[in-house]
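# Examination of the molecular architecture
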Amino acid sequence: MAPPSDSQVLDLARLLEDPQTRIIVCCGAGGVGKTTTAAALGVWAAEHGRRAVVLTIDPARRLAQSLGLTELDNIPRPVAGIDTTAGGSLDAMMLDMKRTFDEVVEQHAAPDKAAQILANPFYQAVSSSFAGTQEYMAMEKLGQLRTEAARDGRWDLIVVDTPPSRSALDFLDAPKRLGSFLDGRFIRLLAAPAKAGGRAGLKVLNVGVGVVTSTLSKVLGGQLLQDVQTFVAALDTMFGGFRERADQTYALLKDSETAFVVVAAPERDALREASYFAGRLDEEEMPLAGLVVNRIQRVAAPSLSAARAVAAADELADRDGSASGATTQALLRLHATLAETAVRQQRLTAGFAAGHPGIPMVEVPASAQDIHDLAGLREVASALTTREPAALRR
Amino acid sequence: MPESHPDLSKVRLHVVTGKGGTGKTTAAAAAATALARQGRRVLLAEVEGRQGISQTFDVAPLGHTETRILHHRAGGELWAMSVDAKDSLFDYLQKFYKAGRTRAILERFGAVDFATTIAPGVRDVLLIGKIYEAVGRRAKNGQAVYDAVVLDAPPTGRVVRFLNVNAEVADVAKVGPIRSQADSITRMLRSHTTAVHVVTLLEEMPVQETVDALGELRRAGLPVGAIVVNQVREPLLSDKAMRSVTAARTARLAERVAADLAAVGVRGSEEVAAGLIADGAQHADRVELEREQEAILATQGRLTVRLPWLPEGTEGGGISLLADAAAGQGLV
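Here is a short report on the structure shown in this document. (Residues numbered from 1 in each chain as written. Chains lettered and ligands numbered in written order. Predicted model: local features only at pLDDT ≥ 70, side-chain atom pairs only at ≥ 80, totals over all residues. Heavy atoms only, no water.)

### A look at the overall build of chain B
- Looking only at helices and strands, chain B features 14 helices and eight strands.
- Buried residues in chain B amount to 56% of all 332 residues.
- Taking the contacts inside chain B whose residues are at least 6 apart along the sequence as the reference set, 70% of them involve residues at least 24 apart. (Helix = DSSP H or I, 4+ residues; strand = E, 2+ residues; numbered from the N terminus. Buried < 20%, exposed > 50% of the residue type's maximum accessible area, 1.4 Å probe, protein only. Contact = heavy atoms within 4.5 Å.)

### Points about the packing of helix α1 (residues 24–37) of chain B against helix α14 (residues 318–328) of chain B
Residue and element names in this part refer to chain B.
- Contact geometry of α1 with α14 gives a least axis separation of 8 Å together with a crossing angle of 75 degrees. Considering their axes alone, α1 and α14 lie roughly perpendicular with respect to each other. Together, T26, A29, A30, T33, A34 and R37 of α1 and I319, S320, L322, A323, D324 and A327 of α14 make up the contact between the two elements.
- Its residues placed into classes, the contact of α1 with α14 shows seven nonpolar, three polar and two charged. (Axes fitted to C-alpha atoms, helices over the stretch in contact; angles between N-to-C directions. Parallel < 35°, antiparallel > 145°, perpendicular 65-115°, else oblique. Nonpolar A, V, L, I, M, F, W, Y, C, P; charged D, E, K, R; others polar.)

### Focus on the pattern of salt bridges
- All chains considered together, the criterion is met by 29 salt bridges over all chains.
- Here A:E273 ties to B:R50 by a salt bridge, and the two come within 3.4 Å at their closest N and O atoms. Placement of the pair is A:E273 in helix α14 (residues 268–283) and B:R50 in the loop between β2 (41–46) and α2 (52–57), with the two residues belonging to separate chains.
- Look at B:R50 and you get partly exposed, because its relative accessible area is 39%.
- In this structure, B:R137 and B:E66 form a salt bridge, with 2.9 Å as the shortest nitrogen-oxygen distance. Of this pair, B:R137 sits in the loop between α6 (122–136) and β5 (148–152) while B:E66 sits in the loop between α2 and β3 (67–71), placing them 71 residues apart in sequence.
- Using a relative accessible area of 21% as the deciding quantity, one classes B:R137 as partly exposed.
- If you follow the salt bridges from partner to partner, you end up with B:E66, B:D91, B:K130, B:E133 and B:R137 in one network. (Salt bridge = Lys/Arg side-chain N within 4 Å of Asp/Glu carboxyl O.)

### Describing the pairing of strand β6 (residues 194–200) of chain B
Residue and element names in this part refer to chain B.
- Most of β6 is tucked away: seven of the seven residues are buried.
- Where strand β1 (residues 13–18) and β6 come together, six bridges link them in parallel fashion. In the strand pairing of β6, L13 is matched with T194.
- Sheet topology places β6 next to strand β7 (residues 224–232); four bridges connect them, and they run parallel. Looking at β7, one finds that V196 is bridged to V224.
- Since β6 and β7 lie parallel, the crossover through helix α10 (residues 204–219) that links them has a hand, and here it is right-handed. (Pairing = 2+ DSSP bridges. Right-handed = clockwise from strand over helix to strand, strands pointing away.)

### Some words on the sheet that holds strand β4 (residues 89–94) of chain A
Residues and elements named next belong to chain A.
- Within the open sheet, the eight strands sit side by side as β3-β4-β2-β5-β1-β6-β7-β8. Their pairing is mixed. Every other strand in the sheet has two partners, leaving β3 (77–78) and β8 (361–365) as the edge strands with one partner each.
- Summarising the sheet, β3 and β4 pair through two bridges and their orientation is antiparallel. Across the sheet, residue R77 finds its bridge partner in β4, namely A92.
- Seen against the sheet, helix α2 (residues 34–47) touches β1 (23–28), β2 (51–56), β4, β5 (157–161), β6 (258–264) and β7 (288–296) and runs at an angle of roughly 155 degrees to β1.

### Observations regarding the nonpolar core
- In this structure, B:L13, B:I131, B:V149, B:L151, B:L163, B:L189 and B:L217 are the most contacted members of the largest nonpolar core, which totals 56 residues.
- The element best represented in this core is α6(B), accounting for eight residues.
- For B:L217, the contacting residues outside a window of four places in its chain are B:V160, B:L163, B:V196, B:V198, B:L222 and B:V224.
- The next biggest cluster of nonpolar side chains, apart from the first, holds 51 residues, and it includes A:L55, A:V105, A:M139 and A:F260. (Core = buried A, V, L, I, M, F, W, Y, C linked by side-chain atoms within 4.5 Å.)

### Quick word on the packing of aromatic side chains
- All chains considered together, the criterion is met by one aromatic pair over all chains.
- The ring of B:W309 carries B:R233 above its face, with NZ or CZ at 4.5 Å from the centroid. (Phe/Tyr/Trp six-rings, centres within 6.5 Å; stacked < 30°, edge-to-face > 60°. Lys NZ or Arg CZ within 6 Å of the ring centre and 35° of its normal.)

### Describing the environment of B:T25
All names here are of chain B.
- Residue placement: T25 occurs in helix α1.
- Residues T25 and L151, spaced 126 residues apart in sequence, show a C-alpha to C-alpha distance of 9.1 Å.
- Setting aside residues no more than four positions away along its own chain, T25 makes contact with G52, I53, T56 and D152.

### Topic: helix α17 (residues 374–384) of chain A
- Every buried residue of α17(A) is listed here: A:L374, A:G376, A:L377, A:V380, A:A381, A:A383 and A:L384.
- The elements touched by buried residues of α17(A) are α1 (12–17), α2, α3 (61–66), β7 and β8 of chain A.

### Description of the pairing of β1(B)
All names here are of chain B.
- The buried fraction of β1 amounts to six of the six residues, a majority that puts the element mostly inside the structure.
- Here β1 shows no split at all, with L13, V15 and T17 on one side and H14, V16 and G18 on the other all buried.
- Summarising the sheet, β1 and β5 pair through four bridges and their orientation is parallel. Across the sheet, V16 pairs through a bridge with D152, a residue of β5.

### Overview of the environment of A:G28
- With respect to the element layout, A:G28 can be found in strand β1.
- For the pair formed by A:G28 and A:F277, sequence separation is 249 residues and the distance between their alpha carbons is 7.6 Å.

### Some words on unusual backbone geometry
- Of note, A:R295 is a non-glycine position whose phi angle comes to about 60 degrees, a positive value.
- For A:R295, the location among the structural elements is in strand β7.
- The phi dihedral of B:Q51 is positive, around 60 degrees, even though this residue is not glycine.
- Looking at the secondary structure, you find B:Q51 in the loop between β2 and α2.

### Here's the deal with the packing of α6(B) against helix α7 (residues 156–163) of chain B
Residues and elements named next belong to chain B.
- The interhelical angle for the contact between α6 and α7, taken along N-to-C directions, is 80 degrees, at an axis separation of 9 Å. In terms of orientation, α6 and α7 fall into the roughly perpendicular class. Of the residues in α7, those in contact with D124, L127 and I128 of α6 are R161, F162 and L163.
- For the contact of α6 with α7, the residue count by class is four nonpolar, no polar and two charged.

### Considering the sheet that holds β6(B)
All names here are of chain B.
- Strand order in this open sheet of eight strands is β3-β4-β2-β5-β1-β6-β7-β8, and the pairing throughout is mixed. This sheet does not close on itself; its edge strands, each paired only once, are β3 and β8 (304–308). Direction aside, the axes of adjacent strands within the sheet are offset by 25 degrees on average.
- Contacts between α6 and the sheet are confined to β1, β2, β4 (77–82) and β5, with β5 contributing the most and set at about 160 degrees to the helix.

### Section: α14(B)
All names here are of chain B.
- Among the residues making up α14, those that are buried are G318, I319, L322, A323, A325 and A326. Along α14, the residues classed as buried sweep out an arc of 165 degrees about the axis, all on the same side. Turned more than 90 degrees away from the buried face of α14, the exposed residues are L321 and G328.
- Taken from the residues just after α14, G330 is the one with a positive phi, measuring 85 degrees. (Arc of directions from axis to C-beta.)

This is the structure:
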């Protein structure tokens with residue numbers, strides 16, 4: 001197997017330094033270190049002169065603390081301890097999806113309408129529990145941050161972590177789904193059943209409307225249907241707004257100022273999801289910068305193969321020599337296990353590379369401890385921004 | 001300790017959750033396989049359309065139709081499905097209103113999308129409703145169709161909301177059919193025939209999430225089953241060896257290891273010795289961290305089931321090994 005050439009190394013330092021890069025979206029399966037990657041990229045960018053903001057969705061508590069995030073309050077706040085001598089800065093925030101949704105309503109509806117919507121029980125349930133609200137609101141927040149950045153220049157780089165979704169792609173689909181629902185035929189039918197059915201004549205459609213409303217009322221109950229109708233009537237003025245926002249966010253994700261970074265672990269399932277994701281981004285013509293493979297096993301004595309280590313340990317066992325023999329044997333067997341893991345991971349990532357030629361990759365070594373402070377994030381960042389091909393570091 | 005070690009052999013619905021990436025699906029597959037090997041008829045279901053089950057068992061992608069994927073000599077059978085919210089809605093309409101044929105009309109108006117993706121909580125009620133139906137399903141002779149159902153549930157971050165369907169629909173549906181369906185589901189979920197197992201790894205974040213999830217489950221009145229520790233690796237060094245590689249001075253140890261290596265003809269023995277000791281020290285750090293995490297889990301006072309790490313993953317009989325481990329430790 002030929003070592004990968006330079007063109008296949010994901011050069012995140014260049015991406016972060018490039019002033020044309022305005023948005024970085026980190027995505028991937030759950031549990032692969034997306035949030036840590038996003039935070040590390042933010043720290044590196046800030047310490048290399050970018051005015052960065054990191055939008056996290058649901059960070060682990062200790063990671064959140066390392067960024068000074070103690071409450072979920074939807075407000076970007078400066079991260080303490082960042083080296084700002086290069087002229088950069090770092091803000092971080094946690095997404096509050098309900099508050100973001102409320103802000104959207106307040107922004108797009110007249111004050112009296114807005115109050116009506118915010119008080120509606122159906123709205124309250126949708127805004128806090130609709131499967132997809134988090135994804136939609138993450139993208140909405142991204143749009144807001146981008147607008148704010150363009151307006152007052154507070155930030156020149158937004159790093160966004162994506163929600164731990166059912167599927168890593170939900171955040172691409174949620175805005176469209178909510179958008180198409182909100183100005184779809186069904187909601188108009190709920191808002192004004194008489195209109196949707198047309199006047200006389202369209203008998204089939206009228207039958208249809210009857211079936212739909214009576215079935216819904218059977219399943220959902222009359223009260224819920226009534227709440228929905230009130231909600232929809234109040235929302236009527238906002239249809240255009242929602243749709244427009246969803247389209248804008250979608251366009252923003254396709255823009256060349258955006259870069260997607262797919263995060264994975266060197267495991268079959270995580271790489272399979274990464275592969276699916278890469279394909280999907282390609283389909284949507286969204287700019288994929290490359291793949292980050294976290295938790296790569298490294299060995300400190302790479303010249304010794306696993307097989308040779310086992311053979312040496314066996315030979316030592318036969319000799320039954322020095323007092324340190326037992327420790328040396330155990331260290332050799334440990335080395336063999338680690339080296340085998342490293343080879344297996346290499347095989348998996350090489351398989352991904354072969355299946356996706358042209359997608360640059362960078363590997364981050366596994367660390368013995370979890371990351372929960374700036375020093376740990378800097379270490380991850382330094383591995384992320386190394387420009388050497390992985391093969392040379394093995 | 002009856003509270004912390006419930007008799008899991010009476011459980012008919014095993015709900016398996018855990019932080020993303022901990023191996024929920026693998027643990028659920030192991031539990032289901034173990035039950036089938038005991039001669040039971042088991043349904044293994046996923047609800048997020050991830051096709052984790054079909055990938056784990058290396059079978060064709062699953063749909064809403066229950067499919068037999070394993071038959072055991074002991075007479076046990078493993079059936080599997082990927083529960084679909086839309087199909088569940090039509091199953092439900094057909095069963096209670098004989099209205100399954102209105103599908104085309106409902107689809108055309110977007111009503112199906114509304115009920116299955118937008119209306120809060122309804123999607124979850126439909127998904128769990130299907131599980132509820134499978135648990136309670138009886139054959140013509142009155143016998144339960146499935147001896148047990150194993151649910152590969154959403155991850156810890158969402159699982160309580162998912163299982164707490166009652167609270168979820170309470171805001172929007174105070175009365176009506178959805179509400180009464182939610183009430184029956186809740187009765188089943190809170191009974192002793194259900195157990196919610198939480199899967200974790202011996203790492204800080206998953207353990208923290210496990211502890212949080214256990215608290216949330218208890219507060220929601222849901223019956224907690226076992227903590228399943230996945231990918232357990234036994235230490236590869238003795239405690240004595242770990243002490244010597246992590247000691248402040250390792251120069252003498254390095255000399256001795258290098259001498260041992262040279263004696264068996266390993267080239268560059270000094271450099272290799274330094275590398276081996278460095279990796280040994282890292283390994284010792286990880287073992288220590290894992291022991292700390294195990295101590296945290298022990299304070300939870302739950303049955304803890306340890307599933308071994310499989311170097312080659314779940315392919316080639318791996319699930320059977322895990323099934324044996326799960327059954328041997330009383331998970332099923």
